[in-house]
Amino acid sequence: MVGTQRLITGELDFVGDLSPQEIKQLQGKAGIKLYPITVGRWYSMQWHMYEPPFNNAKLREAIAHAIDRKRINDIVMDGKGTLYDGPTPKGLWWFNPNAVSYPYDPEKAKALLKEAGYANGVELNLSTPQVGVFQQINQLAQEQLAAVGIKTKLVPVAQSEWYDLLVKKQTNFSPNRWTQRPDPDGLLYILFHTKGFANTTGYSNEKVDKLLEEGRNTYEPAERKKIYDEMQAIIAKDIPMLSLFYSVEYGALRDTVEGFEWIPDQIPRFRDLWKKAK
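The sections below set out a description of the structure shown in this document. Since we're looking at a predicted model, the values are computed, not measured. (Residues numbered from 1 in each chain as written. Predicted model: local features only at pLDDT ≥ 70, side-chain atom pairs only at ≥ 80, totals over all residues. Heavy atoms only, no water.)

### Some details on the overall build of the chain
Looking only at helices and strands, one finds nine helices and ten strands in the chain. Taken over C-alpha atoms, the radius of gyration comes to 20 Å for the chain, in line with the 19 Å a tight globule of 278 residues would show. C-alpha extents for the chain along the principal axes are approximately 65 × 45 × 30 Å. Every one of the 278 residues in the chain was classed for burial, and the buried ones make up 49%. Taking contacts inside the chain between residues at least 6 apart in sequence as the whole, the part at least 24 apart equals 74%. Carbon and sulfur atoms make up 51% of the accessible area of the chain, which totals about 13400 Å². For the chain, the distance from the average site of its 35 positive side-chain charges to the average site of its 34 negative ones is 3 Å. (Helix = DSSP H or I, 4+ residues; strand = E, 2+ residues; numbered from the N terminus. Rg over C-alpha atoms; globule rule 2.2 N^0.38 Å. Buried < 20%, exposed > 50% of the residue type's maximum accessible area, 1.4 Å probe, protein only. Contact = heavy atoms within 4.5 Å. Areas by Shrake-Rupley, 256 points an atom, 1.4 Å probe, with all protein chains shown as cover. Lys, Arg positive; Asp, Glu negative; His and termini not counted. Charge placed at Lys NZ, Arg CZ, Asp CG, Glu CD.)

Printed below as a string of structure tokens:
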């Protein structure tokens, strides 16, 4: 990675969004400090809920059972990521440990594929942004889906165009990633409410909409917890987005830089940083 090389040579003071694989060349290097992100990005796979073939719930469930999330985490995150079945990780007050999705079960995936009407298999296009982590995820997903009869063609897309195509709903099947917000409304509403501006899956569930609106307008923490628990249990079963893992990512800085801290949205803030004399 060019950024890490420039950090080593002293041309840069900061490089962010580094995976466990990418920091290996920085570990133990004199003059460099690593800052792990406490709550990493939520990585998932998504599709258009309203459009064939993903409007077929049995097909979505078959894909969910076909994906070995542990193996993906072991390879992509060096086993350091965490696996949860929804858009909220443990440690945040709105985490729901009972929001359970679909475990890895290739035989169940094959059976569901037949129930979905694809006894002879199905072919899908999988958008593949030119981002290292996404490319690895898609290659592993392609292998795992092929094992149950789902052929996937990896379709390259430039990193600069990828999210714009998702927003315009011109991409049907794609990996995605999101950072957390200080409040559940900040992420869950925009992704899963019918009118959410970042709802790129087209997901629309009246019960979920009602719960999200209640959560937005309720102030008692215990009541909000109940609301978001119920909402997350529903989307875990509907799977508009298939949860893969929560990443472990790092920022790397020269040891002359002081005052750096990560915040949940993972956008680096440099205003309060300073450099000390060598």
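### Here's the deal with the side chain of Gln46
By secondary structure assignment, the location of Gln46 is in strand β3 (residues 42-46). Here Gln46 falls in the buried class, since its relative accessible area comes to 1%. A polar contact is formed between the side chain of Gln46 and the side chain of Asn176, at a distance of 2.8 Å. For Gln46, the contacting residues outside a window of four places in its chain are Leu166, Asn172, Phe173, Ser174, Asn176, Thr200, Thr201, Pro240 and Met241. (Polar contact = N/O pair within 3.5 Å; in protein donor to acceptor, adjacent residues only side chain to side chain.)

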